[in-house]
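Structural overview
Spelled out, the chains give:
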Amino acid sequence: MIGLHLIGDLTGCRCDPQLLLDGERFRAKCLDMVAASGLTTMDATFHQFEGSGFTGTVVLAESHLAIHTWPERQGLTLDVYVCNYSADNSAKARSLFDQLVGYFQPTEIAKHEVERGGHLLMEPLNDSTGFYIRAGRQIGEWQTRFQKMQIYETPHYGKLFRLDGFNMTSEKEEFVYHENLIHPALTAHAAPKKALIIGGGDGGSSEEALKHPSLESLTMVEIDPDVIEVAKEHFGAIHNGVFDNPKLVVRVDDGMKFVRETQERFDLIALDLNDPVGPAAALYSLQFFQQLRTALAPGGALTLHLGSPVAQPQRVAELAQRLNSVFRIVRVYTMYIPLYGSLWSMAVCSDKLDPKAFTADEIDRRIEQRKLQELRFYNGETHEGVFALPNYVRELVIPARLKQPTRGRRLGVVRAAAK
């Protein structure tokens, strides 16, 4: 049911203490407040607890009001709910809530507003923090062999794709993730010809990679065929028809198995994957990173996301350390990803290619020469900018042996000793 739910904990009330004790006195005042707010009382019941507070319920034509007082704590709880199906009663509910606050005069208010009638998509970043996105309706939900998929329509991001309860991509902001995963490495490469994407079944990273005209072939290895089918049906705004591009070869297979068995060598390998937990953890292992290094052509690069240095600093630090033990050059970079609700980190890893060595002007010239189209995030300045790491991120990802006094050093270098 469409509506607004107001929930409040009021403490430190400065009103006459008797007001928290006398339920009958409050009943008459409460009904006056209801009428003043424009809501309609259908019934009211108040119960007085001997020597203590009271509990009251007012049945409204629009829904209800409930109150419980705690005189010994100088506080009370409020619950106001209005249905907004035939008319928007939100302003009336807020007016009633504000009148109640004014009556009891609390020094502290913990208030929550919950809009009912939609889907509140919670996105945990760790055990103690996260954020939410409100969705209007669920388009579909499927349990595949590997994971649970959900698609929602949202007012802010358009169609949104979730896997196992986590946001993966959306129509209106996918470019932030996909452009940053692909272009810093591919643009820095002089003439990339072959690329491999592990995962990426939505097609967004493939579409970005194939904007580079020198690329002759791109292999996508996605383990879950249902992800590809859902993307084809629902997320054309993300892949822009890339599945029909003759340069793209789609293989439904285990990415680890493919890398282990392939004899091909790639100028770019991009891991477009879930977070490194559960079954996906093996794709971020030291052993797999070593196998990926072997699958790179001379001058080739691996790109992947590391997670949030704000919410998961230990994870970012461990992955950076692991990558530095395999590759000669590891460039960690950061950007804010709206759908993930946090600063996010990625890395370009190579034995020869150093994307941080390029200036903004050099990157802009390559973008122009390659006629890269429809870039909504990436340009020369953002290329330089994402590699400019805040100090707290540098502390996470730079090996201790490479840290120097701040004065006089060039910031942002993440380079392990040559093998």
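Let us look at the structure shown here. (Residues numbered from 1 in each chain as written. Predicted model: local features only at pLDDT ≥ 70, side-chain atom pairs only at ≥ 80, totals over all residues. Heavy atoms only, no water.)

Counted by the stated rule, this structure contains 12 salt bridges. Between R162 and E123 there is a salt bridge, with the nearest N and O atoms lying 3.7 Å from each other. With R162 in strand β11 (residues 158–163) and E123 in strand β7 (residues 119–124), this pair connects stretches of sequence that are 39 residues apart. As far as burial versus exposure is concerned, R162 and E123 are alike and both buried. Among the ionic pairs, D253 bridges to R251, the shortest N-O distance being 3.6 Å. You can call D253 buried: its relative accessible area is 16%. Using a relative accessible area of 38% as the deciding quantity, one classes R251 as partly exposed. (Salt bridge = Lys/Arg side-chain N within 4 Å of Asp/Glu carboxyl O. Helix = DSSP H or I, 4+ residues; strand = E, 2+ residues; numbered from the N terminus. Buried < 20%, exposed > 50% of the residue type's maximum accessible area, 1.4 Å probe, protein only.)

To continue, consider the pairing of strand β9 (residues 137–143). In terms of strand pairing, β9 meets strand β10 (residues 148–154) through six bridges, oriented antiparallel. Pairing of E141 across the sheet is with Q150, part of β10. A loop of four residues connects β9 with β10, the two strands running antiparallel in sequence. (Pairing = 2+ DSSP bridges.)

On the basis of which strands lie adjacent, the open sheet formed by four strands has the order β9-β10-β11-β12 and antiparallel pairing. Edge positions in the sheet fall to β9 and β12 (166–170), since each has one partner strand and no second. Averaged over all pairs of adjacent strands, the angle between strand axes in this sheet comes to 25 degrees, irrespective of strand direction. Here β10 runs beside β11; their pairing, made up of six bridges, is antiparallel. (Axes fitted to C-alpha atoms, helices over the stretch in contact; angles between N-to-C directions.)

Another point: the nonpolar core. In this structure, I182, L218, M335 and I337 are the most contacted members of the largest nonpolar core, which totals 48 residues. Top contributing element to this core by residue count: helix α3 (residues 174–188), with eight residues. With sequence-adjacent residues up to four places away left out, I182 is seen in contact with I197, S205, E208, A209, L268 and A270. Counting 35 residues, the second largest nonpolar core, distinct from the first, contains L283, Y284, L296 and L302. (Core = buried A, V, L, I, M, F, W, Y, C linked by side-chain atoms within 4.5 Å. Contact = heavy atoms within 4.5 Å.)

Two elements in contact, helix α1 (residues 23–37) and helix α2 (residues 90–104), have axes whose closest approach is 9 Å; the angle formed by their N-to-C orientations is 145 degrees. Judged by the twist between their axes, the crossing of α1 over α2 is right-handed. Contacts from F26, K29, M33, V34, A36 and S37 of α1 reach α2 at K92, S95, L96, Q99, L100, Y103 and F104. Across the contact of α1 with α2, the residue classes break down as eight nonpolar, three polar and two charged. (Left-handed = near helix turned anticlockwise from the far one by under 90°. Nonpolar A, V, L, I, M, F, W, Y, C, P; charged D, E, K, R; others polar.)

The next thing to look at is the environment of R27. Following the sequence through the fold, R27 ends up in helix α1. Take R27: its relative accessible area is 27%, and that puts it in the partly exposed class. Note: C-alpha distance between R27 and V58 (31 residues apart in sequence) is 9.1 Å. In contact with R27, not counting residues within four places along its chain, are A44 and F46.

A word on the sheet that holds strand β14 (residues 217–222). Hydrogen bonds between backbone atoms are what pair the strands of a sheet, whose relative direction is either parallel or antiparallel. Here seven strands make up an open sheet; going across it, the order is β15-β14-β13-β16-β17-β19-β18 and the pairing mixed. Of all strands in the sheet, those with a lone pairing partner are β15 (248–252) and β18 (329–337), marking the two edges. Averaged over all adjacent pairs, the angle separating strand axes in this sheet is 15 degrees, with direction ignored. For β14 and β15, the ladder comprises five bridges, and the chain directions are parallel. Along β15, the bridge assignment pairs E222 with V252. The strands that helix α9 (residues 313–324) touches are β17 (296–307), β18 and β19 (342–350); relative to β17, the one it contacts most, it runs at about 170 degrees.

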